Amino acid sequence: MKVLTVDTEVNPEHPGSGASVPKRPAPRLPGREPELGRLTGLFPVVLGGTAASAVLAGEFGMGKSALLRTAAALAADAGFTVATATGSRLESHLAGGLVRQLADALEEPGAPPRPPVAELCGPAGESEALDLFFRIVRDATDRGPLFLGIDNIHLADAWSMRCLAYIRNRVLDLPVLIVLTSVVGYPPHREVALLDVVGSMPLTITLNGLGDAAAAEILGLAPGELASACREATGGNPVLLQALRPRLLPGADPHELGSSLIGQVLTTRVQEFPHAPAILHAAAILGEDAGFDLLARLAGVDELDALQAIDTLVRLHVLNNSDQPTLTYSFVRNSLLKDMPQTTRAVNHSRAAKLLTEAGAPPERVAAHLLEATSIRIPWAVDVLRLSARDAVFSGQAELAARHLRRALEERLTSGRRMAVLLQLAHAEFQFDPPGAAKRVREAVDTVGNRETAAYIATAMLLSLCGGQDARLGISAAGQIAARLDAGGPDAVWPLLCMTYLAEAGSRLGPPPEFRDFEEQWAPLTDPAAQRSRSALLALDAVRSGDSAQDAVGHFADALTGDDGELFEQHYFFTLATAVLSDEPAHVDRLCRVLDVEREPWDVHVPHGALPTLARGIALQASGDLQRASVHFESLLRRFDERGGTTTCPVGVLCAAKLVECWVDLGRFEAATSLLDRMDFVASQGLFTHTYLLYARGRLRVATGYTRFGFEDLLSCGRRLAHHGMRFPGFVPWRAHAARAALALGQTDDAARLAEEDINASARWGAARPLGTALTTLGLVREDDEAERALQKAITTLRSSPSRLQLATALTELGTLQARHGQSEKAIETLRQAVELSEQCGARPLARRAAEELRSARRALTPAKDNEHGLTRQENRIAVMAAQGLTNREIATALHLTRRTVELHLSGAYRKLGIPGRAELGGALAKSSQRADGR
């Protein structure tokens, strides 16, 4: 059968050109088999003599025309007469353009010529022209079923639409299949609706993006991640995939590719919509930052006009239908950007950066536009780029941070700002190019101008690089800068030297550098900041030596006299200062005020306000207020978790360790275990605060029955402190808990040795809490009167300090000892105080133990029911064993008592039985038993 076709489809790469594309056999359409099957499913209906219609809808380039051509070829194979026509933007004003194409195609060869349809469309012959087109279609059906395909119906002229609408209801009983293609969201024709052409119940087939497999076939790739990324970048749009294919070079990121030709095509296609091109280009510049107000302002369009343009572009699927009307696909955005002149792009990105800054956008979003605003001078951009670079390093994007900082160096900078940017760039490059970072440091040193500015910048770098290799870079840079500043005299260089020393001391596991090397520079110091720095080093020396708590507190107080808290922001100094000052409420208050500053901490891992919160929590914990302390630690730890600093930042590690210790005392063992399971002991082991983490784990293990492992952790903690040269006994009372663990393991000699070491160190230090804790431990390893004297002294010492938890512990141990010695009345009063105080602290494990000992003491005071002389249960038991011939040593061993306790109980029994000694004990007990039986 003869197939009649006319196809003047416009080349999609050159819209509006008017050039016709010769029809070729339709190729296979990857991924369109389901849609083609639905369309050919109408063939039997039409072959049965009934008309049918279908609409193929989709966005630009989704393959509507290709699907129509393939369907037409299949229709021809099925015996249809096929006539197709294509709407064109350049012909949409010509009356009858489409129907002329169809009429010419349907003219039977050899038939008498008819008047052209377009010549009969005047007012006088309108009905004749409509009827003529209908007769042409009807006559074509006399020769067999008819396939009418109209591509781009949204571009049809009004008269053609009227002709198609006219025949629709007149061919219902004829074998006619009408298939139209249309772009989704295209504004409806002003005279004739699409439903007037295809009827109220057409088969509507919406073409969506192709899947991964079809996209891979078009691209000539094997299915996989690359093909999936290409499909995502293009939305599976076949035309975009074809444009992407030649640009997909090895190693290329599909999300960064674009075609300037596609950008031209899209811009041309939206020209007919008011303000759409301006909004389209603004959306390309803004990218993910595209919001309604920013789009309107960047495009320079009135809000109502912008809203109309955005609405149109959303309906056309060019912009996403969301609160952020961004471009649908990254390939489209990149194509529009490639089509822009470079200067236009740079200026628009600088304008976008300014608008985002005014809107309060995050620094990283502003910086993304500043990176593209090359060759444009933007003085205010430096601060934004530095801040975004800091955040990028924090999130592990060091190379992105380096790009931001290199862009900052393109601005005109003072020597001080250039030095600051170079040092920050050195830190970023150190993550992936250490030799390059070293060159940056040397370059920064060469730019040193103003001494005070240089010292300030170097100090800030030391504070921002909190640990590990980063700290080594900061120390190296600060040392080089200090050497340049040395000619300015001690006042100029001393604060920087001090901060460098603190950074080096806190970043090494071994002993810090020799402190006394700096003494020769002290005499000429006159600047208050330099004097405070000297006080800080004196305090540190006193702490490390462990010789005098009074001297250490005094030096810390002198370092706190200024309003600048930078010294105490240094993590090593902060850790030791809070350990020393936690029993000094006035100094803690002063420390918190100094640390409570408006600016963000230098260390990006440390949340704003974290240091005063942590200092207050440590003081609350030292005073025994465990509940409030845990609230401080928990709230702070959540913020460290958000910044990823819990396991790597020294302050974060300290906070976690303090919380674990607090939870152990509160009896929250599961929570403590869960937190320790999250900690990275390998990542944190290079930090000084890792020592506290070991201590906390050791305490938890001992408390939960893993005594051997806990004992090893505590000993390891002690070895680290000794290796560091830290003799301050109050940093962590590891010996006290290690001695208890040794006793539980039966290692009494180790326990005694640890207790002796602890009492010597604490006595030398002279502070109440460490001394009271050491005396309590001593009471556990000594016997009889020595043990009681040590515990009594511990209680007296601790009553002079705010350390309520340690006092409750000492009271519990003394009460337990008194009960064992038969001093039940004293034990009851002591243990009653212990229970009350431990409950106030919230220390549930200690409170339970004290309460159990209290109940035992009260039972021991109750007379035994089977004797009339009022012997207590313990006295009666010991007396019976003595009457049976056991020695005091044997009785003590059998009952786990000391010989002194056995002697005390026997003396009480002799007195109550009215006998002089051991020889009369058997007879007295027998008589007492007989009288009891007689009753």
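All residue numbers refer to positions counted from 1 along the written sequence of the respective chain. In keeping with the predicted nature of the model, local features appear solely for residues at pLDDT of at least 70, side-chain atom pairs appear and are counted solely at 80 or more, and the whole-chain, interface and lining totals rest on all residues. Computation of side-chain values covers all heavy atoms of the structure but excludes hydrogens and water.

1. So, the overall build of the protein chain
The helix count covers DSSP runs of H or I at least four residues long, the strand count covers runs of E at least two residues long, and both are numbered beginning at the N terminus. Helix and strand counts for the protein chain come out as 47 helices and 5 strands. Categorising residues by exposure relies on relative accessible area from a 1.4 Å probe, with only protein chains included: less than 20% of the type maximum marks a residue as buried, more than 50% marks it as exposed, and the intermediate range marks it as partly exposed. Considering the protein chain as a whole, with its 935 residues, one finds that 54% of them fall into the buried category. Contacts between residues were defined by any pair of non-hydrogen atoms, one from each residue, lying within 4.5 Å. Residue pairs at least 24 apart in sequence account for 68% of intrachain contacts in the protein chain once pairs closer than 6 positions are excluded. Every accessible area reported is derived by Shrake-Rupley at a probe size of 1.4 Å, with residue values counting cover from the shown protein chains alone. Just so you have it, the protein chain exposes about 40000 Å², and 50% of that area is on carbon and sulfur atoms.

2. Some points on the packing of helix 32 (residues 650-666) against helix 33 (residues 669-678)
For the pair helix 32 and helix 33, interaxial distance at closest approach is 8 Å and the crossing angle is 160°. By the angle class used here, helix 32 and helix 33 are roughly antiparallel. Considering only the axes of helix 32 and helix 33, their crossing is left-handed. The residues of helix 33 that touch helix 32, namely those facing Ala656, Leu659, Val660, Trp663 and Val664, are Phe669, Ala671, Ala672, Leu675 and Leu676. Classification convention: Asp, Glu, Lys, Arg as charged; Ala, Val, Leu, Ile, Met, Phe, Trp, Tyr, Cys, Pro as nonpolar; all other residues, Gly among them, as polar. Class assignment for the residues of the contact of helix 32 with helix 33 results in 10 nonpolar, no polar and no charged. Every angle, taken between N-to-C directions, lies between 0 and 180 degrees, and every axis is a line fitted to C-alpha atoms, over only the stretch in contact when it is a helix. For classification, angles of less than 35 degrees are called roughly parallel, those exceeding 145 degrees roughly antiparallel, those between 65 and 115 degrees roughly perpendicular, and all remaining angles oblique. In a left-handed crossing the near helix is turned counterclockwise from the far helix by less than a right angle, and in a right-handed crossing that turn is clockwise.

3. Focus: helix 18 (residues 381-394)
Residue count minus one, scaled by 1.5 Å, sets the expected span of a helix. The terminal C-alpha atoms of helix 18 lie 20 Å apart, and with 14 residues this matches the ideal 20 Å at 1.5 Å per residue to within 8%. Every buried residue belonging to helix 18 is among Ala381, Val382, Val384, Leu385, Ser388, Ala389 and Ala392, and all of these are buried. Along the axis of helix 18, the buried residues cluster in a sector spanning 160°; they form a single face. For helix 18, the elements touching its buried residues are helix 17 (363-372), helix 19 (398-409) and helix 20 (415-430). The first or second residue beyond helix 18 is Gly396, which carries a positive phi of 85°. Directions pointing from the helix axis toward each C-beta atom define the arc.

4. Comments concerning the sheet that holds strand 2 (residues 81-86)
When DSSP locates at least two bridges between a pair of strands, those strands are taken to pair. Overall, parallel pairing links the 5 strands, which are arranged 2-3-4-1-5 in an open sheet. A single partner strand is all that each edge strand has here, and the edge strands are strand 2 and strand 5 (203-206). Taken pair by pair, the neighbouring strands of this sheet meet at an average axis angle of 15°, ignoring direction. The sheet contact formed by strand 2 and strand 3 (residues 146-151) spans 6 bridges and is parallel.

5. What to know about the pairing of strand 3
Extensive coverage of strand 3 is indicated by the burial of 6 of its 6 residues. Side-chain alternation along strand 3 places Leu146, Leu148 and Ile150 on one buried face and Phe147, Gly149 and Asp151 on a second face that is also buried. The pairing of strand 3 with strand 4 (residues 176-183) spans 5 bridges and is classified as parallel. Across the sheet, residue Leu148 finds its bridge partner in strand 4, namely Ile178.

6. Examining the environment of Phe134
Examined against the element boundaries, Phe134 turns out to sit in helix 5 (residues 126-142). The spatial distance from the C-alpha of Phe134 to the C-alpha of Val171 is 8.5 Å, given a sequence separation of 37 residues.

7. Comments concerning the packing of aromatic side chains
Two aromatic rings from Phe, Tyr or Trp, using only the six-membered ring of Trp, form a pair when their centres are within 6.5 Å; if the ring planes differ by under 30 degrees the pair is stacked, by over 60 it is edge-to-face, and anything between is tilted. Inspection of the entire model under this criterion finds 7 aromatic pairs. Centre to centre, the rings of Phe43 and Phe80 are 5.1 Å apart; their planes meet at 45°, and the pair counts as tilted. Residue Phe43 is located in helix 2 (residues 43-47), and its partner Phe80 is located in the loop between helix 3 (64-77) and strand 2; the two are separated by 37 residues in the primary sequence. Across the pair, Phe80 and Phe43 agree in class, each one buried. Between Tyr692 and Tyr695 the ring centres are 5.5 Å apart and the planes differ by 85°, which places this aromatic pair in the edge-to-face class. Here Tyr695 and Tyr692 lie together in helix 35 (residues 690-703), a separation of 3 residues that amounts to about one turn.

8. Digging into the side chain of His905
Within the secondary structure layout, His905 lies in helix 46 (residues 899-913). Ignoring sequence-local partners within four residues, the contact set of His905 consists of Arg820, His821, Gly822, Gln874, Glu875 and Ile878.

9. Notes on the pattern of salt bridges
When a carboxyl oxygen of Asp or Glu is within 4 Å of a side-chain nitrogen of Lys or Arg, the pair counts as a salt bridge. One pass over the full model with this rule turns up 36 salt bridges. Note that Glu288 is salt-bridged to Arg365, the shortest N-O span being 3.7 Å. Taken together, the residues span a long stretch of sequence, with Glu288 in the loop between helix 12 (276-286) and helix 13 (292-299) and Arg365 in helix 17 at a distance of 77 residues. The exposure class of Glu288 is exposed, given its relative accessible area of 55%. Linking Asp289 and Arg365 is a salt bridge whose minimum nitrogen-to-oxygen distance equals 2.8 Å. Here Arg365 lies in helix 17 and Asp289 lies in the loop between helix 12 and helix 13, a separation of 76 residues in the sequence. Residue Asp289 is classed as buried on the basis of its relative accessible area of 9%. One network of salt bridges, with partners in common, ties together Arg406, Glu429, Arg440 and Glu443.

10. Side note on the confidence of the model for the protein chain
Per-residue confidence for the protein chain averages 85 on the pLDDT scale, and 88% of its residues sit at or above 70. Here residues 1-24 is modelled with pLDDT under 50, and outside its nearest four sequence neighbours on either side it reaches 59 contacts, counting other chains as well. For every residue, the pLDDT score states the predictor's confidence, bounded by 0 at the bottom and 100 at the top.

11. Structural notes on the environment of Thr70
Tracing the sequence through the fold places Thr70 in helix 3. The class of Thr70 is buried, set by a relative accessible area of 9%. Sequence spacing of Thr70 and Leu29 is 41 residues, and the spatial spacing of their C-alpha atoms is 8.3 Å.

12. Focus on the pairing of strand 4
When you tally the buried positions in strand 4, you get 8 out of 8 residues, the bulk of the element. What you see with strand 4 is no split at all: Val176, Ile178, Leu180 and Ser182 on one side and Leu177, Val179, Thr181 and Val183 on the other are buried throughout. Judged from the 7 bridges that link them, strand 1 (residues 52-58) and strand 4 form a sheet pairing that is parallel. In the sheet register, Val55 faces strand 4, and the bridge partner there is Leu180. Handedness rule for crossovers: strands pointing away from the viewer, path from the first strand over the helix to the second running clockwise, crossover right-handed. Following the backbone out of strand 3, through helix 6 (residues 158-168) and into the adjacent parallel strand 4, one traces a crossover that is right-handed.

13. As for the state of the cysteines
Throughout, a disulfide means two cysteine sulfur atoms within 2.5 Å of one another. Following the criterion strictly, the structure yields 0 disulfides and no others. Here Cys655 stays free of any disulfide, with the sulfur of Cys649 as its closest cysteine sulfur at 9.9 Å. Residue classification places Cys655 among the buried positions, given a relative accessible area of 0%.

14. Observations regarding unusual backbone geometry
In terms of backbone geometry, most residues other than glycine have negative phi values and most peptide bonds are trans. Located in the positive-phi region is His317, a residue other than glycine, with phi close to 65°. On the secondary structure map, His317 appears in the loop between helix 14 (303-315) and helix 15 (330-338). The phi angle at Ser375 is positive, at roughly 70°, despite the residue not being glycine. Considering the arrangement of structural elements, one finds Ser375 in the loop between helix 17 and helix 18. Residue Ser375 is classed as exposed on the basis of its relative accessible area, which comes to 61%.

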